[in-house]
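A structural walkthrough
Residue-level listing of the chains:
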Amino acid sequence: MKYEVLTIFPDMVDSAFRTGVTGRASGEGLIELDTVNIRDYSTNSYGSIDGYTYGGGAGMLMQCEPVYQAYLEALRRLGKGEPADSGTKPVRVVYLTPTGEVFRQKKAEELANEKELIFLCGHYEGIDERVIDEIVTDRISIGDYVLTGGEIAALAVMDAVARLIPGVLKNEDSAETESFNTGGLLEYPQYTRPDEWHGRKVPEVLLSGDHARVDNYRMHEMRRVTREHRPDLYEEYMKHRGIN
Ligand code: ADE
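Residues numbered from 1 in each chain as written. Predicted model: local features only at pLDDT ≥ 70, side-chain atom pairs only at ≥ 80, totals over all residues. Heavy atoms only, no water.

Here's the deal with the site of the ligand
As a matter of local geometry, the ligand sits amid Leu-96, Thr-97, Pro-98, Ile-140, Ser-141, Ile-142, Gly-143, Tyr-145, Val-146, Leu-147, Gly-149 and Ala-153. Between the ligand and Gly-143, the relevant distance is 3.1 Å, taken from a nitrogen atom to a main-chain nitrogen or oxygen of the residue. Residue Leu-147 places a main-chain N or O atom 2.9 Å away from a nitrogen atom belonging to the ligand. Computed on the free molecule, the ligand has an accessible area of 260 Å², of which 95% lies beneath the protein chains in the complex. If you list the elements that add at least two residues to the shell around the ligand, you get β5 (92–102) and β7 (138–141). Top contributing element to the shell around the ligand by residue count: β5, with 3 residues. Of the residues that constitute the shell around the ligand, the class distribution is 8 nonpolar, 4 polar and no charged. (Near = heavy atom within 4 Å. Polar contact = N/O pair within 3.5 Å; in protein donor to acceptor, adjacent residues only side chain to side chain. Areas by Shrake-Rupley, 256 points an atom, 1.4 Å probe, with all protein chains shown as cover. Helix = DSSP H or I, 4+ residues; strand = E, 2+ residues; numbered from the N terminus. Nonpolar A, V, L, I, M, F, W, Y, C, P; charged D, E, K, R; others polar.)

Here we look at the pairing of strand β1 (residues 2–7)
By the criterion of burial, β1 is predominantly enclosed, with 5 of the 6 residues buried. Relative to strand β6 (residues 116–121), β1 is paired through 5 bridges, and the arrangement is parallel. Residue pairing across strands places Tyr-3 opposite Leu-117, the latter belonging to β6. (Buried < 20%, exposed > 50% of the residue type's maximum accessible area, 1.4 Å probe, protein only. Pairing = 2+ DSSP bridges.)

Notes on the pattern of salt bridges
In the structure shown here, the tally under the stated rule is 22 salt bridges. Between Glu-110 and Arg-92 there is a salt bridge, and its shortest N-O distance comes to 2.3 Å. With Glu-110 in helix α4 (residues 105–111) and Arg-92 in strand β5, the pair connects residues that are 18 residues apart, well separated along the chain. When the shortest N-O distance is used, the salt bridge between Arg-224 and Glu-228 registers 3.1 Å. Here Arg-224 and its partner Glu-228 are both found in helix α8 (residues 211–229), 4 residues apart, which amounts to about one turn of the helix. Linked through salt bridges whose partners overlap, the residues forming this network are Arg-92, Glu-101, Lys-107, Glu-110, Glu-114 and Asp-138. (Salt bridge = Lys/Arg side-chain N within 4 Å of Asp/Glu carboxyl O.)

A closer look at the nonpolar core
Counting residues in hydrophobic clusters, the biggest one holds 28 residues, and the most contacted among them are Tyr-3, Ile-31, Phe-119, Met-158 and Val-161. Elements with a contribution of two residues or more to this core: β1, α1 (10–17), β5, α4, β6 and α6 (151–162). The element best represented in this core is α6, accounting for 8 residues. Apart from residues no more than four positions distant in its own chain, Phe-119 is found in contact with Tyr-3, Glu-4, Val-5, Leu-6, Val-94, Leu-96, Ala-154, Val-157 and Met-158. Counting residues in hydrophobic clusters, the runner-up holds 25 residues, among them Leu-78, Ile-118, Ile-132 and Ile-135. (Core = buried A, V, L, I, M, F, W, Y, C linked by side-chain atoms within 4.5 Å. Contact = heavy atoms within 4.5 Å.)

Here we look at the packing of α1 against α6
Running from N to C, α1 and α6 cross one another at 30 degrees; their axes reach a closest spacing of 10 Å. Put simply, α1 runs roughly parallel to α6. You can see that α1 and α6 cross each other, and the crossing is right-handed. Touching Met-12, Val-13, Ala-16 and Phe-17 of α1 are Glu-151, Ile-152, Leu-155 and Met-158, all from α6. (Axes fitted to C-alpha atoms, helices over the stretch in contact; angles between N-to-C directions. Parallel < 35°, antiparallel > 145°, perpendicular 65-115°, else oblique. Left-handed = near helix turned anticlockwise from the far one by under 90°.)

A look at the pairing of β5
Within a regular strand, side chains alternate between the sheet's two faces. With 5 bridges joining them, β5 and β6 adopt parallel strand pairing. If you follow Val-93 over to β6, its bridge partner there is Ile-118. Two strands pair when backbone bridges link them, and β5 and β7 are joined in this way by 5 bridges, in the parallel orientation. Looking at the pairing, Val-94 lines up with Asp-138 of β7.

Some remarks on α6
The end-to-end C-alpha separation of α6 is 16 Å, in line with the 16 Å expected for 12 residues at 1.5 Å each. Across the 12 residues of α6, 9 count as buried, placing the element largely inside the fold. All buried positions along α6 are accounted for by Glu-151, Ala-153, Ala-154, Leu-155, Val-157, Met-158, Ala-160, Val-161 and Ala-162. (Expected span 1.5 Å × (residues − 1).)

Observations concerning the domain arrangement of the protein
Domain annotation for the protein reports domain 1 (2–162) and domain 2 (179–240). Averaged C-alpha coordinates put domain 1 and domain 2 at centres separated by 37 Å. (Domains from an automatic or database assignment.)

Here's what the structure looks like:
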């Protein structure tokens, strides 16, 4: 997988991505991360890339041309030609925006099938709609709140996609059994040594060695946790199973 990130804060994206599991995966060549600094494509001598909003309104907007030139640079680095005038989009471009589709595990699975992805991070009050229409294929929000820019959202999406790429997680099991890969239920609580801490005991069943009982208990806990913490997901799960 190759990620190209169009951003005005390349260091922020780089340093976060190079830390931890994604950092190791990029060291092993499983994922390549590259950033393009949109500011390098300013169309004026001040180096600015933003402008006032037509029709009035607070704040500044990112202009079309610097974003478009950064996009063309990303395409060149991916070995793609200029996009044809017919409006074809040779690579999926994910624009991070609170007005996008809310990101869920299913979307991560879909994006993990791509060989390359371009992420577009906005700042100020957003980006001129015309360049979005021209280059973007997917608009994604990471939740119903507003961040100061798209970088943290891009990192969240890149991380969720990265861990689905074979070899990125060392224990292949963990992508399979955890929350959101359990038929719509959240993961059960887990415990490690010691078996008593601050007077709190590990549930007895987990020390029993009885695998059938353990499985039963875990399924029960998955249902309980989902019902208590995410009633919306629980309702979806029950509907899916034909229980209302
Ligand atoms: N940019 C600002 N807020 C965002 C959000 N919630 N999701 C994605 N991109 C954003």
